[in-house]
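Structural characterization, general
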Amino acid sequence: MTLVARMLLRRLLILIPLVLGVIAFVFIVMRFSNSKPEYAYFQGANPTAEQIRRFQLENGLLDPLPVRYVRFVMDLAQGDMGTSVLTRKPVIESVTTALPLTLQLTLLGLVVGLVLSFVFGVVAALYRDRWPDQLVRLVSLIGVAAPSFWLALLMIQWLAVGEGLFPTSGYINPADSFAGWLRSMTLPALSLSLPIAAQLTRIIRTSVVEELDRDYVRTAYGSGLPPIVVIGRNVLRNALINPLTVLGLRIGYLIGGTVVIETIYGLPGMGQLMINAVRDGDPAVVQGVVLTIAVGFMIVNLAVDVLYLLVNPRLRSAS
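Residues numbered from 1 in each chain as written. Predicted model: local features only at pLDDT ≥ 70, side-chain atom pairs only at ≥ 80, totals over all residues. Heavy atoms only, no water.

Here the focus is the layout of surface pockets. There is about 730 Å³ of room inside the largest pocket. Lining the largest pocket are 28 residues, with Arg31, Pro37, Asn59, Leu61 and Ala284 sitting closest to its centre. Elements with a contribution of two residues or more to the lining of the largest pocket: helix 1 (3-31), helix 2 (37-42), helix 3 (49-58), helix 4 (65-77) and helix 13 (283-311). Taken together, the residues that form the lining of the largest pocket break down as 12 nonpolar, 8 polar and 8 charged. Forming the walls of the second largest pocket are 18 residues, and the residues nearest its centre are Phe120, Val139, Ser140, Leu194 and Ala198. Listing elements by their share of the lining of the second largest pocket, those giving two or more residues are helix 5 (91-126), helix 6 (131-145), helix 7 (148-162) and helix 8 (178-212). A per-class count over the lining of the second largest pocket returns 14 nonpolar, 4 polar and no charged. (1 Å grid on protein atoms, 1.4 Å probe; cavity = no way out; pocket = protein on both sides within 12 Å on 5 of 7 lines; lining within 4 Å. Points joined across faces, edges and corners; volume = space filled by probe spheres on them. Helix = DSSP H or I, 4+ residues; strand = E, 2+ residues; numbered from the N terminus. Nonpolar A, V, L, I, M, F, W, Y, C, P; charged D, E, K, R; others polar.)

This part is about the packing of helix 7 against helix 11 (residues 241-265). Following both chains from N to C, one finds helix 7 and helix 11 inclined at 35°, their axes separated by 10 Å at the closest point. Crossing geometry of helix 7 relative to helix 11 is assigned as right-handed. Here helix 7 contributes Ser148, Phe149, Ala152, Leu153, Met155 and Ile156 to the contact with helix 11, which in turn contributes Tyr253, Val260, Ile261, Ile264 and Tyr265. Tallied by class, residues from the contact of helix 7 with helix 11 come to 10 nonpolar, 1 polar and no charged. (Axes fitted to C-alpha atoms, helices over the stretch in contact; angles between N-to-C directions. Left-handed = near helix turned anticlockwise from the far one by under 90°. Contact = heavy atoms within 4.5 Å.)

What follows deals with helix 6. Each turn of an α-helix holds 3.6 residues, which means side chains three or four residues apart point in the same direction. Given a rise of 1.5 Å per residue, 15 residues ought to cover 21 Å, and the 21 Å separating the end C-alpha atoms of helix 6 matches this to within 8%. Buried within helix 6 are the following residues: Pro132, Asp133, Val136, Ser140 and Gly143. Burial along helix 6 is one-sided: seen end-on, the buried residues are contained in an arc of 95°. For helix 6, exposure combined with an orientation more than 90 degrees from the buried face picks out Trp131, Ile142 and Ala145. Residues of helix 6 that are buried sit in contact with helix 5 and helix 8. (Expected span 1.5 Å × (residues − 1). Buried < 20%, exposed > 50% of the residue type's maximum accessible area, 1.4 Å probe, protein only. Arc of directions from axis to C-beta.)

The N-to-C vectors of helix 5 and helix 12 (residues 270-280) enclose an angle of 135°; their axes lie 7 Å apart at closest approach. Between helix 5 and helix 12, the angle is such that the two are oblique. Contacts between helix 5 and helix 12 pair Ser94, Val95, Ala98, Leu99 and Thr102 from the former with Met270, Gly271 and Leu273 from the latter. Among the residues forming the contact of helix 5 with helix 12, the class breakdown is 5 nonpolar, 3 polar and no charged. (Parallel < 35°, antiparallel > 145°, perpendicular 65-115°, else oblique.)

Together, Val111, Val115, Phe118, Val119, Phe120, Val123, Leu126 and Tyr127 make up a nonpolar patch on the protein surface, roughly 640 Å² of accessible area in all. Structurally, Val119 can be placed in helix 5. (Patch = residues over 30% accessible without salt bridge, like charges linked within 9 Å, V, L, I, M, F, W, Y side chains within 5 Å. Areas by Shrake-Rupley, 256 points an atom, 1.4 Å probe, with all protein chains shown as cover. Salt bridge = Lys/Arg side-chain N within 4 Å of Asp/Glu carboxyl O.)

Looking now at the nonpolar core. Among the nonpolar cores identified, the biggest contains 27 residues, and Leu105 and Tyr265 are the most heavily contacted of them. Of all the secondary structure elements, the ones that give two or more residues to this core are helix 5, helix 7, helix 8 and helix 11. When neighbours within four sequence positions are excluded, Tyr265 is seen to be in contact with Ala152, Met155, Ile156, Thr168, Ser169, Gly170, Leu187, Pro188 and Ser191. (Core = buried A, V, L, I, M, F, W, Y, C linked by side-chain atoms within 4.5 Å.)

Attention shifts here to unusual backbone geometry. The backbone of Arg88 sits at a positive phi, close to 65°, despite the residue not being glycine. With phi around 65°, Asp129 is a residue other than glycine that occupies positive phi space. By the element assignment, Asp129 lies in the loop between helix 5 and helix 6. Under the relative-accessibility criterion, Asp129 is labelled exposed at 55%.

As a further point, take empty space enclosed by the protein. Going through the model one piece at a time under the given rule, you end up with 1 cavity of 30 Å³ or more. In this structure, the largest cavity occupies an estimated 40 Å³ of space. In terms of residue count, helix 8 provides more of the lining of the largest cavity than any other element does, 4 residues in total. Residue classes in the lining of the largest cavity are distributed as 5 nonpolar, 4 polar and 1 charged.

In C-alpha coordinates form, the structure reads like this:
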(Lines give C-alpha, C1' and ligand atoms only; values in the text may rest on other atoms or scores of the structure.)
Protein backbone atom coordinates (compact mmCIF):
# COMPACT_ATOMS: atom_id res chain seq x y z
CA MET A 1 0.00 0.00 0.00
CA THR A 2 1.43 3.39 -0.98
CA LEU A 3 1.98 6.23 1.46
CA VAL A 4 -0.91 8.20 -0.04
CA ALA A 5 -3.28 5.27 0.34
CA ARG A 6 -2.17 4.64 3.95
CA MET A 7 -2.53 8.31 4.80
CA LEU A 8 -6.00 8.46 3.21
CA LEU A 9 -7.13 5.39 5.13
CA ARG A 10 -5.77 6.80 8.39
CA ARG A 11 -7.50 10.14 7.81
CA LEU A 12 -10.79 8.41 7.00
CA LEU A 13 -10.59 6.43 10.24
CA ILE A 14 -9.89 9.62 12.18
CA LEU A 15 -12.78 11.33 10.41
CA ILE A 16 -15.36 8.97 11.95
CA PRO A 17 -14.83 9.96 15.64
CA LEU A 18 -14.44 13.60 14.58
CA VAL A 19 -17.85 13.55 12.89
CA LEU A 20 -19.41 11.86 15.92
CA GLY A 21 -17.79 14.46 18.17
CA VAL A 22 -19.14 17.32 16.08
CA ILE A 23 -22.60 15.75 16.10
CA ALA A 24 -22.47 15.41 19.90
CA PHE A 25 -21.25 18.98 20.35
CA VAL A 26 -23.93 20.48 18.10
CA PHE A 27 -26.62 18.33 19.70
CA ILE A 28 -25.69 19.37 23.24
CA VAL A 29 -25.33 23.07 22.39
CA MET A 30 -28.71 23.14 20.66
CA ARG A 31 -30.41 21.38 23.58
CA PHE A 32 -29.15 24.00 26.03
CA SER A 33 -29.89 26.96 23.79
CA ASN A 34 -32.88 29.26 24.14
CA SER A 35 -34.43 27.96 20.90
CA LYS A 36 -37.38 25.84 21.97
CA PRO A 37 -39.11 23.97 19.12
CA GLU A 38 -42.30 23.64 21.15
CA TYR A 39 -42.72 27.42 21.17
CA ALA A 40 -41.50 27.99 17.60
CA TYR A 41 -44.03 25.42 16.40
CA PHE A 42 -46.99 27.47 17.57
CA GLN A 43 -45.42 30.70 16.22
CA GLY A 44 -46.50 32.99 19.04
CA ALA A 45 -50.08 31.64 19.24
CA ASN A 46 -49.95 31.50 23.08
CA PRO A 47 -50.36 27.71 23.37
CA THR A 48 -51.66 26.17 26.56
CA ALA A 49 -49.51 24.02 28.81
CA GLU A 50 -51.42 20.95 27.62
CA GLN A 51 -50.68 21.73 23.95
CA ILE A 52 -46.98 22.23 24.70
CA ARG A 53 -46.80 18.96 26.64
CA ARG A 54 -48.57 17.07 23.86
CA PHE A 55 -46.10 18.42 21.31
CA GLN A 56 -43.18 17.46 23.57
CA LEU A 57 -44.49 13.91 24.00
CA GLU A 58 -45.15 13.46 20.27
CA ASN A 59 -41.64 14.58 19.36
CA GLY A 60 -39.77 12.82 22.17
CA LEU A 61 -38.61 16.06 23.78
CA LEU A 62 -39.21 14.69 27.27
CA ASP A 63 -37.03 11.62 26.76
CA PRO A 64 -33.65 11.45 28.54
CA LEU A 65 -30.86 13.28 26.72
CA PRO A 66 -28.83 10.11 25.89
CA VAL A 67 -31.91 8.52 24.32
CA ARG A 68 -32.56 11.60 22.23
CA TYR A 69 -28.91 11.69 21.13
CA VAL A 70 -28.90 8.07 20.02
CA ARG A 71 -32.15 8.62 18.12
CA PHE A 72 -30.66 11.73 16.53
CA VAL A 73 -27.53 9.88 15.38
CA MET A 74 -29.60 6.98 14.02
CA ASP A 75 -31.77 9.40 12.07
CA LEU A 76 -28.69 11.14 10.66
CA ALA A 77 -27.28 7.78 9.56
CA GLN A 78 -30.44 7.38 7.47
CA GLY A 79 -30.16 10.89 6.00
CA ASP A 80 -32.82 12.38 8.27
CA MET A 81 -31.83 15.74 9.79
CA GLY A 82 -35.21 16.29 11.38
CA THR A 83 -38.18 18.43 10.42
CA SER A 84 -38.51 22.19 10.51
CA VAL A 85 -41.09 23.25 13.07
CA LEU A 86 -41.97 26.29 10.97
CA THR A 87 -42.24 24.97 7.41
CA ARG A 88 -43.11 21.38 8.45
CA LYS A 89 -40.64 20.20 5.77
CA PRO A 90 -37.62 17.90 6.22
CA VAL A 91 -34.47 19.84 7.00
CA ILE A 92 -32.56 17.88 4.35
CA GLU A 93 -34.73 19.50 1.66
CA SER A 94 -33.84 23.00 2.84
CA VAL A 95 -30.15 22.09 3.08
CA THR A 96 -29.98 20.54 -0.38
CA THR A 97 -31.74 23.58 -1.83
CA ALA A 98 -29.39 26.11 -0.22
CA LEU A 99 -26.13 24.14 -0.42
CA PRO A 100 -25.48 24.50 -4.20
CA LEU A 101 -25.42 28.30 -3.98
CA THR A 102 -23.02 28.22 -1.02
CA LEU A 103 -20.77 25.81 -2.91
CA GLN A 104 -20.82 28.09 -5.94
CA LEU A 105 -19.90 31.11 -3.85
CA THR A 106 -17.18 29.23 -1.96
CA LEU A 107 -15.59 27.75 -5.09
CA LEU A 108 -15.73 31.05 -6.97
CA GLY A 109 -14.21 32.87 -4.01
CA LEU A 110 -11.52 30.20 -3.73
CA VAL A 111 -10.58 30.48 -7.41
CA VAL A 112 -10.43 34.28 -7.27
CA GLY A 113 -8.39 34.19 -4.08
CA LEU A 114 -5.91 31.63 -5.42
CA VAL A 115 -5.37 33.47 -8.70
CA LEU A 116 -4.84 36.83 -7.03
CA SER A 117 -2.55 35.48 -4.31
CA PHE A 118 -0.47 33.47 -6.79
CA VAL A 119 0.05 36.38 -9.18
CA PHE A 120 0.82 39.02 -6.57
CA GLY A 121 2.82 36.68 -4.33
CA VAL A 122 5.12 35.60 -7.17
CA VAL A 123 5.50 39.17 -8.47
CA ALA A 124 6.39 40.42 -4.99
CA ALA A 125 9.00 37.66 -4.60
CA LEU A 126 10.60 38.25 -8.00
CA TYR A 127 10.84 42.00 -7.34
CA ARG A 128 11.97 41.58 -3.75
CA ASP A 129 12.53 44.82 -1.82
CA ARG A 130 11.63 46.92 -4.87
CA TRP A 131 8.55 49.03 -5.40
CA PRO A 132 6.28 46.20 -6.72
CA ASP A 133 7.15 44.17 -3.62
CA GLN A 134 6.54 47.10 -1.29
CA LEU A 135 3.21 47.88 -2.98
CA VAL A 136 2.01 44.27 -2.81
CA ARG A 137 3.00 43.97 0.84
CA LEU A 138 1.17 47.18 1.70
CA VAL A 139 -1.99 46.15 -0.12
CA SER A 140 -1.90 42.65 1.39
CA LEU A 141 -1.48 44.12 4.87
CA ILE A 142 -4.57 46.26 4.32
CA GLY A 143 -6.43 43.23 2.96
CA VAL A 144 -5.57 41.14 6.00
CA ALA A 145 -6.84 43.87 8.33
CA ALA A 146 -10.04 44.54 6.37
CA PRO A 147 -12.97 42.29 7.39
CA SER A 148 -15.04 40.76 4.61
CA PHE A 149 -18.31 42.40 5.68
CA TRP A 150 -16.69 45.86 5.49
CA LEU A 151 -15.39 45.10 2.00
CA ALA A 152 -18.86 43.90 1.02
CA LEU A 153 -20.53 47.11 2.15
CA LEU A 154 -17.80 49.22 0.51
CA MET A 155 -18.14 47.45 -2.84
CA ILE A 156 -21.93 47.70 -2.74
CA GLN A 157 -21.66 51.43 -2.16
CA TRP A 158 -19.02 51.94 -4.85
CA LEU A 159 -19.57 49.38 -7.61
CA ALA A 160 -23.28 48.64 -7.22
CA VAL A 161 -24.92 51.85 -5.99
CA GLY A 162 -22.37 54.34 -7.31
CA GLU A 163 -21.32 52.88 -10.65
CA GLY A 164 -24.25 50.54 -11.23
CA LEU A 165 -21.96 47.79 -12.56
CA PHE A 166 -23.36 45.02 -10.37
CA PRO A 167 -26.65 44.34 -8.56
CA THR A 168 -26.81 45.21 -4.88
CA SER A 169 -28.42 41.89 -3.96
CA GLY A 170 -30.19 38.85 -5.34
CA TYR A 171 -29.20 35.68 -7.15
CA ILE A 172 -29.65 34.53 -10.75
CA ASN A 173 -29.46 30.84 -11.56
CA PRO A 174 -26.68 30.08 -14.08
CA ALA A 175 -29.12 27.86 -16.00
CA ASP A 176 -31.26 30.95 -16.67
CA SER A 177 -28.46 33.37 -17.51
CA PHE A 178 -24.75 32.72 -17.06
CA ALA A 179 -23.91 36.41 -17.51
CA GLY A 180 -26.54 37.35 -14.93
CA TRP A 181 -25.22 34.70 -12.54
CA LEU A 182 -21.68 36.02 -12.94
CA ARG A 183 -22.80 39.60 -12.26
CA SER A 184 -24.77 38.55 -9.18
CA MET A 185 -21.85 36.52 -7.78
CA THR A 186 -18.92 38.83 -8.58
CA LEU A 187 -19.21 41.18 -5.60
CA PRO A 188 -19.94 38.40 -3.07
CA ALA A 189 -16.99 36.36 -4.38
CA LEU A 190 -14.65 39.36 -4.23
CA SER A 191 -15.82 40.27 -0.71
CA LEU A 192 -15.19 36.71 0.40
CA SER A 193 -11.88 36.14 -1.38
CA LEU A 194 -9.92 39.37 -0.92
CA PRO A 195 -8.99 38.80 2.76
CA ILE A 196 -7.99 35.22 1.90
CA ALA A 197 -5.98 36.42 -1.10
CA ALA A 198 -4.16 38.94 1.08
CA GLN A 199 -3.16 36.26 3.60
CA LEU A 200 -2.05 33.75 0.96
CA THR A 201 -0.12 36.44 -0.93
CA ARG A 202 2.14 37.00 2.06
CA ILE A 203 2.66 33.25 2.51
CA ILE A 204 3.40 32.64 -1.17
CA ARG A 205 5.76 35.60 -1.33
CA THR A 206 7.76 34.35 1.66
CA SER A 207 7.85 30.79 0.34
CA VAL A 208 9.04 31.84 -3.14
CA VAL A 209 11.71 34.13 -1.67
CA GLU A 210 13.07 31.28 0.46
CA GLU A 211 13.14 28.99 -2.56
CA LEU A 212 14.93 31.57 -4.73
CA ASP A 213 17.75 31.71 -2.16
CA ARG A 214 18.49 27.99 -2.35
CA ASP A 215 21.68 26.65 -3.90
CA TYR A 216 20.02 24.70 -6.69
CA VAL A 217 18.56 27.92 -8.10
CA ARG A 218 21.98 29.53 -8.36
CA THR A 219 23.35 26.33 -9.89
CA ALA A 220 20.55 26.26 -12.46
CA TYR A 221 21.19 29.89 -13.43
CA GLY A 222 24.93 29.17 -13.64
CA SER A 223 24.23 26.27 -15.99
CA GLY A 224 22.56 28.64 -18.41
CA LEU A 225 18.93 27.62 -17.86
CA PRO A 226 16.49 30.42 -18.69
CA PRO A 227 14.63 32.01 -15.74
CA ILE A 228 11.24 30.82 -16.97
CA VAL A 229 12.40 27.21 -16.77
CA VAL A 230 14.05 27.58 -13.35
CA ILE A 231 11.12 29.44 -11.83
CA GLY A 232 8.32 27.60 -13.58
CA ARG A 233 9.57 24.04 -13.24
CA ASN A 234 11.44 24.13 -9.96
CA VAL A 235 10.91 27.21 -7.81
CA LEU A 236 7.14 27.44 -8.03
CA ARG A 237 6.63 23.70 -7.73
CA ASN A 238 8.60 23.59 -4.49
CA ALA A 239 7.48 26.96 -3.13
CA LEU A 240 3.77 26.22 -3.38
CA ILE A 241 3.98 23.19 -1.10
CA ASN A 242 4.02 25.24 2.11
CA PRO A 243 1.06 27.50 1.16
CA LEU A 244 -0.91 24.36 0.39
CA THR A 245 -0.69 23.29 4.03
CA VAL A 246 -2.65 26.36 5.17
CA LEU A 247 -5.12 26.25 2.30
CA GLY A 248 -7.47 23.93 4.19
CA LEU A 249 -7.89 26.40 7.04
CA ARG A 250 -8.45 29.24 4.58
CA ILE A 251 -11.17 27.23 2.85
CA GLY A 252 -12.78 26.82 6.26
CA TYR A 253 -12.72 30.60 6.61
CA LEU A 254 -14.38 30.90 3.20
CA ILE A 255 -17.15 28.52 4.22
CA GLY A 256 -17.70 30.38 7.48
CA GLY A 257 -17.59 33.77 5.75
CA THR A 258 -20.47 32.85 3.48
CA VAL A 259 -22.85 33.23 6.45
CA VAL A 260 -22.19 36.97 6.59
CA ILE A 261 -21.72 37.54 2.86
CA GLU A 262 -24.93 35.76 1.87
CA THR A 263 -26.86 37.82 4.40
CA ILE A 264 -25.43 41.12 3.13
CA TYR A 265 -26.08 40.31 -0.54
CA GLY A 266 -29.40 38.54 0.01
CA LEU A 267 -28.24 35.21 -1.40
CA PRO A 268 -30.46 32.23 -0.49
CA GLY A 269 -27.62 29.95 0.58
CA MET A 270 -26.67 28.08 3.74
CA GLY A 271 -25.71 31.25 5.58
CA GLN A 272 -29.03 32.93 4.90
CA LEU A 273 -30.83 29.72 5.84
CA MET A 274 -29.07 29.54 9.20
CA ILE A 275 -29.58 33.22 10.01
CA ASN A 276 -33.30 32.92 9.29
CA ALA A 277 -33.52 29.74 11.39
CA VAL A 278 -31.77 31.39 14.34
CA ARG A 279 -34.03 34.43 14.07
CA ASP A 280 -37.20 32.34 13.84
CA GLY A 281 -36.17 29.86 16.55
CA ASP A 282 -36.00 26.75 14.36
CA PRO A 283 -33.31 24.58 16.04
CA ALA A 284 -33.62 21.62 13.67
CA VAL A 285 -32.60 23.77 10.69
CA VAL A 286 -29.79 25.41 12.65
CA GLN A 287 -28.22 22.13 13.67
CA GLY A 288 -28.68 20.73 10.16
CA VAL A 289 -26.81 23.67 8.61
CA VAL A 290 -24.06 23.65 11.24
CA LEU A 291 -23.49 19.91 10.85
CA THR A 292 -23.34 20.19 7.06
CA ILE A 293 -20.80 23.01 7.20
CA ALA A 294 -18.69 21.26 9.85
CA VAL A 295 -18.58 17.95 8.00
CA GLY A 296 -17.84 19.76 4.74
CA PHE A 297 -14.93 21.55 6.40
CA MET A 298 -13.45 18.25 7.61
CA ILE A 299 -13.81 16.67 4.17
CA VAL A 300 -12.09 19.65 2.55
CA ASN A 301 -9.18 19.38 4.97
CA LEU A 302 -8.88 15.69 4.15
CA ALA A 303 -8.73 16.51 0.43
CA VAL A 304 -6.07 19.18 1.04
CA ASP A 305 -3.95 16.71 3.04
CA VAL A 306 -4.10 14.20 0.20
CA LEU A 307 -3.28 16.92 -2.35
CA TYR A 308 -0.29 17.93 -0.23
CA LEU A 309 1.04 14.39 -0.43
CA LEU A 310 0.53 14.25 -4.18
CA VAL A 311 2.44 17.47 -4.90
CA ASN A 312 5.26 16.93 -2.40
CA PRO A 313 8.07 15.16 -4.27
CA ARG A 314 9.81 14.02 -1.10
CA LEU A 315 6.74 12.24 0.18
CA ARG A 316 6.02 10.81 -3.27
CA SER A 317 9.51 9.34 -3.43
CA ALA A 318 9.09 7.91 0.07
CA SER A 319 6.00 6.07 -1.05
